[in-house]
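Coordinate analysis (summary)
This is what each chain is made of:
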Amino acid sequence: MTTIIDVAKKAQVSKSTVSRVISGNGYVSQESRKKVLEAMEALSYSPNLIARNLQSGETKTIGFLAHGFIDPLGVFLESFISIAKKYNYYVTLYFTDGDRKKEIDALNQMKYKQLDGVFILTRANKWEFIEPYSLFGPIATWHRIDSERIYSSYVDHYSGYLRSLKYLYQRGYRSIGHVLGNSENLNTKARLKAIDDFHKEKDIPIKNEWIFHDKTRIDNGRTIAQLWHEMANKTDAMAFYTDSVAAGFISELQTLGYSIPKDVAVIGFDNSEISRLMHITTVDYSIKRQAENSFIYIHNQLNAEKIPEQEMSVSLVERKTVPIRIQRKEQ
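Computed from a prediction, not measured in an experiment: that's the story for all the values here. Within each chain, residue numbers correspond to sequence positions counted from 1 in written order. Totals for whole chains, interfaces and linings use every residue, but because this is a predicted model, local features are given only for residues with pLDDT of at least 70 and side-chain atom pairs only at 80 or more, for both listing and counting. The side-chain figures draw on all heavy atoms in the structure; neither hydrogens nor water molecules are used.

To continue, consider helix H13 (residues 287–303). Compared with the 24 Å implied by 1.5 Å per residue over 17 residues, the 24 Å span of H13 between its first and last C-alpha is a close match. Only protein chains enter the accessibility calculation, which uses a 1.4 Å probe. A residue is then buried if its area is under 20% of the maximum for its type, exposed if over 50%, and partly exposed in between. Numbering goes from the N terminus for both helices and strands, where a helix is a DSSP run of H or I of at least four residues and a strand is a run of E of at least two. Along H13, the positions that sit buried rather than exposed are Ile287, Gln290, Ala291, Asn293, Ser294, Phe295, Ile296, Tyr297, Ile298, His299 and Asn300. Looking one or two residues beyond H13, the residue adopting positive phi is Ala304, at roughly 50 degrees. A helix's residues, less one, multiplied by 1.5 Å, set its expected span.

This is the structure:
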């Protein structure tokens, strides 16, 4: 088997020069680089990346886990890949389809030194099954979790959601429906507390039929639209935990003959591309910086560095789906 030493002898350069050509790190003159590449071609030499990774103890690759495509994925992944590239890391995307075994298989890639670290956008297993894999490399997520072993780049969903509800109230809306995520998530629990505090502060009774839980995001906006359509006492506004579900809700209601926001106001959460395309009023909670901070954590853990994280904020983005209700009635 041809080795790096054989290439060095053929090219009449040092072993370290060949190594720098292969890795792309460090200076090599054009003349020496040409000699090395010609020697590699003549000897049919191909670098053994697996052996090199085992020797160095790193792959320079981060795994990115998600069930599949969801609306925030594009923005988050693009930001994550961009900062990873800046620090000379690759990103491998794993779509698990919500399959627990597929997710464990991906985590095992870190255990077997095929990945240096892992970011989890959406998970299939409980955190208690994921946490032990932090022994093999850093794990980060944007989910809000209470863990000393997994980093979370979450933002305060309580204040963000409370801001949404107060904004709707200021615009003249009193009967507000809520579409929340998985009831087990801490972000969902924070939103439920915001709902409770909001209704107590404004002295508005909470109706259970106005609270919906969505676990999949897939087509649930359409399902919720059908439920809203069948309600005897319809809400005059709907607040969503993510723009993609809000967009599905709007699309289905329009198919049913409703006009948005004339018949119901809609506010989302993400400030993702679909909210811009559909002019949905929403909440921006620094998705790009959540992605950057997640990578920074992984990088710092792997390299014993202390690169500072980016400051995150929550802001309301006003568009067309929440007009002033009093003005609308007068028209």
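Each patch groups residues whose relative accessible area exceeds 30% and which form no salt bridge, using 9 Å between like charges and 5 Å between nonpolar side chains of Val, Leu, Ile, Met, Phe, Trp and Tyr. Per-residue and other accessible areas were derived by the Shrake-Rupley procedure at a 1.4 Å probe size, with only the shown protein chains allowed to occlude residues. Think of a salt bridge as a Lys or Arg side-chain nitrogen and an Asp or Glu carboxyl oxygen that are within 4 Å of each other. Together, Phe69, Leu93 and Phe95 make up an exposed nonpolar region whose accessible area comes to about 320 Å². Checked against the element boundaries, Leu93 lands in strand S2 (residues 90–95). Overall, Leu93 belongs to the partly exposed group, its relative accessible area being 34%.

Before going further, it helps to examine the pattern of salt bridges. Summed over all chains, the structure comprises 11 salt bridges. For Lys202, the salt bridge identified is with Glu201, shortest N-O distance 3.6 Å. For Lys202, a relative accessible area of 25% corresponds to the partly exposed category. For Glu201, a relative accessible area of 46% translates into the label partly exposed. Linked by salt bridges that have partners in common, Lys166, Glu201 and Lys202 make up one network.

Moving on: unusual backbone geometry. That bond from Ile260 to Pro261 is cis: its omega, 10 degrees, falls within 30 degrees of zero. Here Pro261 is to be found in the loop between helix H11 (243–255) and strand S9 (265–267). Look at Asn88: it is not a glycine, yet its phi comes out positive at around 65 degrees. Along the chain, Asn88 turns up in the loop between helix H5 (71–86) and S2. Among the residues examined, Asn88 registers a relative accessible area of 55% and is labelled exposed. Positive phi, close to 65 degrees, is recorded for Lys113, a residue that is not glycine. With respect to the helices, strands and loops of the structure, Lys113 is situated in the loop between helix H6 (100–111) and strand S3 (117–120).

The next point concerns helix H9 (residues 186–202). With 17 residues, H9 should reach 24 Å at 1.5 Å per residue; the first-to-last C-alpha distance of 24 Å fits that figure. Taken residue by residue, H9 has Asn187, Thr188, Ala190, Arg191, Ala194, Ile195, Phe198 and His199 as its buried positions. Just past H9, the residue Asp203 takes up positive phi, approximately 55 degrees.

Here, nonpolar core refers to any group of buried Ala, Val, Leu, Ile, Met, Phe, Trp, Tyr and Cys residues whose side-chain atoms link them within 4.5 Å. Core analysis: the largest hydrophobic core is formed by 28 residues, its most contacted members being Phe64, Phe76, Phe80, Phe119 and Leu121. Of all the secondary-structure elements, those providing two or more residues to this core are strand S1 (61–66), H5 and H13. Among the elements that line this core, the one with the most residues is H5, at 7 residues. Judged by nonpolar contacts, the second largest core, of 21 residues, contains Ala225, Tyr241, Ala246 and Phe249.

Turning our eyes to something else, we now look at the sheet that holds strand S5 (residues 151–152). Two strands qualify as a pair provided DSSP detects at least 2 bridges between them. Read from one edge of the open sheet, 5 strands run S2-S1-S3-S4-S5, paired in parallel fashion. Two strands bound the open sheet, and with one partner strand each, they are S2 and S5. With 6 bridges connecting them, S1 and S2 associate as parallel partners. Paired with Phe64 across the bridge in S2 is Leu93. Contacts: residue pairs with any heavy atoms within 4.5 Å of one another. All axes are obtained by fitting lines to C-alpha atoms, using only the stretch in contact for helices, and the reported angles, taken between N-to-C directions, cover 0 to 180 degrees. H13 contacts S1, S3, strand S4 (139–141) and S5 of the sheet and is inclined by roughly 170 degrees relative to S4.

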